[in-house]
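Listed here are the chains, written in short residue letters.
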Amino acid sequence: MLLDGLYQEIILDHYKNPHGRGLRDPFDGEAHHVNPTCGDEITVRVSADLGDISYDGLGCSISQASASVLHELLEGKDPAAASEIHHAFVELMQSRGQVEPDEEVLGDGIAFAGVAKFPARVKCALLPWMAFKDAAARAGVDVGVSPEVKA
Amino acid sequence: MSFDVERVRKDFPIFEREVNGHPLVYLDSANTSQKPVQVLDVMRAHQERYNGNVSRSVHTLGTESTEAYEGARARIATFIGAASPDEVVFTKNSTEAINLAAHSLGQMLRLGPGDEVVISEMEHHSNLVPWQLLCERTGATLRWFGISDDGRLDESNLDELVTERTKIVSLVHMSNVLGTVNDVTRIAARARSAGALLMLDCSQSVPHLPLDVQALGADLIAFTGHKMLGPTGIGVLWGRLDLLAQMPPFLAGGSMIETVTMAGTTFAPPPARFEAGTPPITEAIGLGAAVDYLTGLGMAAIHEHEQTITRYALDALSSVPGVRIFGPATIEGRGGTVSFGVDGVHPHDVGQILDALGVEVRVGHHCARPVCSRFSVPAMTRASFYLYTTTAEIDALARGLDQVRKVFG
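Residues numbered from 1 in each chain as written. Chains lettered and ligands numbered in written order. Predicted model: local features only at pLDDT ≥ 70, side-chain atom pairs only at ≥ 80, totals over all residues. Heavy atoms only, no water.

Chain B is annotated in an unreviewed UniProt entry as cysteine desulfurase from Actinoplanes philippinensis. Turning to chain B, the UniProt record has this under Catalytic activity (unreviewed entry): "(sulfur carrier)-H + L-cysteine = (sulfur carrier)-SH + L-alanine". Here is the UniProt Sequence similarities (unreviewed entry) comment for chain B, exactly as written: "Belongs to the class-V pyridoxal-phosphate-dependent aminotransferase family. Csd subfamily." (UniProt positions renumbered as here; feature names shortened; annotations may be inferred.)

Under the annotation held in an unreviewed UniProt entry, chain A carries the name Nitrogen fixation protein NifU and is attributed to Actinoplanes philippinensis.

Next comes the structure, spelled out in structure tokens:
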């Protein structure tokens, strides 16, 4: 079925059992992002060493699962590694399904390869990643230049 | 004569197509309606054979175009029961019509601190943000009616809300989210006795209900062509002629003037005063054809068909486990727009799975975020019906929702 690429078991698992959900203190940077067309919201908090990444949000399975995967992939990484993963995820989402994801880098994030084929849902998947980038910048962590996001 | 939905559907070429391998089930007419060949043919013929600019040419094509454009205005005026075609101002859409009214009335009334504008929590952003901005510009205060738990306008504080300080009341006639049709009789009477002007956003009502502006009790209404079988890019501001005649222009330029000197300008009477620049001519003519089509079937018959479909849909949706309907639960005082939630599943996911089955619904906050907030949800799923909707399509929606529950169960 057409949707098999979109609603991968991994995504539904993260949606139903999110990792690291809930806002925690203390933190060094926080960002709140909304998707104005659908009302999805997310708040991301990070500590300056990326040792804690916490989040809370309201939204569809794609945006919420994406936040859970982000938490799993980026928490505890050094800025260079976080930057590489962040870049790879954004690039995958911009690929319209033309990029083969590297599981070594993206882990469960490869499940989002199918989302890239649904242009209307790409912004759902990216919402937590853009919020993270802002929160990290406010904590003094530069995760580098991401490929330009075309919403 | 009974309403023959299968015959109506044959006029709409889009129903021949499939979506994702399934027959198209179009349940998003509150967003935009589909177009019958009768509208498409008139627009194409105009472009091919009659195209000229309006209201300025001496030549034959220009004259024919002007006659077609003004003819459309006259038929639209008749369709809504206007006293004269001069009461029909063509705009780009409802949003532009409301912005025109907000700017022009604000200036005409010299709105300022101490004055009040009253809207409601039920508004589409297009009948909310222009009034917020007007109040910010002028120092006037924005106030609003709330929504009751069953999705009706809460009029319990009418006398405190609409007072001698109220200069403008602007309300949605039929909610684009809840489907509620607001009976504005009491509010209109209160506004009149308070000396306030009443505007109605009729974007969702003019396409679906028999409507007579003289009986409605409003001073101004706005509606849009693309939700009533016409093209995008054409909308209408209707106003009482004596009111329009007092209102200053909004957009300025060609066609809206009387005399221009380097020292100053005087303005044309309405409707030309509010139609600066070359208007959307083909689109206006297309809207005229849409009104002919609707008139041919009869708005009362169309409304009755939609009531039948809506009753069927309310029954079908309430029998799906985990579905919660927002807005009136029965067809009394409501139209064919039904918003709902599926327990535990975000509307985006509902819409995605339905789309894979060819069922096209709208998901999100429907440009009416305060309505979603009122019911404590970030978004809703909305199915909306029109003259071409069938009970088989409602069945397809219900089957689609079973699939949604399977994926997220």
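## Digging into the UniProt feature "domain: Aminotransferase class V" (unreviewed entry) in chain B
Taking the numbering used here, the UniProt-annotated feature "domain: Aminotransferase class V" (unreviewed entry) corresponds to residues 25-397 of chain B. The span residues 25-397 of chain B is 38% helix and 19% strand, and its two end C-alpha atoms sit 8 Å from each other. (Helix = DSSP H or I, 4+ residues; strand = E, 2+ residues; numbered from the N terminus.)

## Quick word on the interface of chain A and chain B
The interface is formed by 22 residues belonging to chain A together with 18 residues belonging to chain B. Scanning the region where chain A abuts chain B turns up two salt bridges. We note a salt bridge from arginine 369 of chain B to glutamate 41 of chain A, for which the minimum N-O separation is 3.0 Å. Counting residues per element, the ones that place at least two in the side of chain A that touches chain B are helix H1 (9-16), helix H2 (61-74) and helix H5 (119-138) of chain A. It is H1 of chain A that provides the largest number of residues to the side of chain A that touches chain B, a total of three residues. The residue inventory of the side of chain A that touches chain B, partitioned by class, reads 14 nonpolar, four polar and four charged. (Contact = heavy atoms within 4.5 Å. Salt bridge = Lys/Arg side-chain N within 4 Å of Asp/Glu carboxyl O. Nonpolar A, V, L, I, M, F, W, Y, C, P; charged D, E, K, R; others polar.)

## Thoughts on the sheet that holds strand E3 (residues 53-58) of chain A
Residues and elements named next belong to chain A. Taking strand neighbours across the sheet as the criterion, the three strands line up as E1-E2-E3 in an open arrangement whose pairing is antiparallel. Lying at the two open borders of the sheet, with one neighbouring strand each, are strand E1 (29-34) and E3. Here the average twist between neighbouring strands, direction ignored, is 10°. Together, strand E2 (41-46) and E3 form the strand contacts of H2, whose direction differs from that of E3 by roughly 180°. The sheet strands contacting H5 are E1, E2 and E3, and the helix crosses E1 at an angle near 150°. (Pairing = 2+ DSSP bridges. Axes fitted to C-alpha atoms, helices over the stretch in contact; angles between N-to-C directions.)

## With respect to the domain arrangement of chain B
All names here are of chain B. For chain B, the assigned domains read domain 1 (5-30 + 298-407) and domain 2 (40-295). Relative placement of domain 1 and domain 2: their C-alpha centres are 28 Å apart. Counting from both sides, the interface comprises 36 residues of domain 1 and, opposite them, 34 residues of domain 2. Of the roughly 2800 Å² buried between domain 1 and domain 2 on both sides combined, carbon and sulfur atoms contribute 58%. Here domain 1 and domain 2 share one salt bridge between them. The residue aspartate 149 makes a salt bridge to arginine 374 at a minimum N-O spacing of 2.6 Å. Where domain 1 packs against domain 2, one counts 20 residue pairs in polar contact (both at pLDDT 80 or more). Of all the secondary structure elements, the ones that give two or more residues to the side of domain 1 that touches domain 2 are helix H11 (299-318), strand E15 (337-342), helix H13 (369-374) and strand E18 (380-384). (Domains from an automatic or database assignment. Buried area = accessible area lost by both parts, 1.4 Å probe. Polar contact = N/O pair within 3.5 Å; in protein donor to acceptor, adjacent residues only side chain to side chain.)

## A closer look at helix H5 (residues 129-138) of chain B
All names here are of chain B. Every buried residue of H5 is listed here: Pro130, Trp131, Leu134, Cys135 and Thr138. Buried residues in H5, looked at end-on, bunch into an arc of 135°, giving them a common side. The inward-facing, buried residues of H5 abut helix H4 (94-108), strand E5 (116-120), strand E6 (141-147), strand E8 (166-172) and strand E9 (197-201). Two residues or fewer after H5 comes glycine 139, characterised by a positive phi angle close to 85°. (Buried < 20%, exposed > 50% of the residue type's maximum accessible area, 1.4 Å probe, protein only. Arc of directions from axis to C-beta.)

## A short note on the pairing of strand E12 (residues 257-261) of chain B
Residues and elements named next belong to chain B. Taken together, the four bridges between E12 and strand E13 (residues 264-267) define a ladder with antiparallel strand orientation. The residue of E13 that forms the bridge with isoleucine 257 is phenylalanine 267. Between E12 and E13, which pair antiparallel in sequence order, lie two residues.

## So, the packing of helix H12 (residues 347-356) of chain B against helix H14 (residues 391-408) of chain B
When two helices pack together, their arrangement is given by the angle between the helix axes and the distance between those axes. Residues and elements named next belong to chain B. Relative orientation of the contacting elements H12 and H14 amounts to 120°, with a least axis distance of 9 Å. By the angle between their axes, H12 is oblique relative to H14. Regarding H12 and H14, the two cross each other, and that crossing is right-handed. Of the residues in H14, those touching H12 at Asp349, Val350, Ile353 and Leu354 are Leu397, Gly400, Leu401, Gln403, Val404, Val407 and Phe408. A breakdown of the residues in the contact of H12 with H14 according to their chemical character gives eight nonpolar, two polar and one charged. (Parallel < 35°, antiparallel > 145°, perpendicular 65-115°, else oblique. Left-handed = near helix turned anticlockwise from the far one by under 90°.)

## Brief notes about the nonpolar core
Core analysis: the biggest nonpolar cluster contains 76 residues, and Ile62, Phe112 and Phe132 of chain A together with Leu397 and Leu401 of chain B have the highest contact counts within it. Per-element accounting of this core gives the leading share, eleven residues, to H5 of chain A. Those residues in contact with phenylalanine 132 of chain A that lie beyond four places of it in its chain are Val44, Val46, Leu50, Ile53, Leu70, Leu74, His86 and Val143 of chain A. Core analysis: the next-biggest nonpolar cluster, separate from the first, contains 72 residues, Ile147, Ala188, Trp238 and Ile281 of chain B among them. (Core = buried A, V, L, I, M, F, W, Y, C linked by side-chain atoms within 4.5 Å.)

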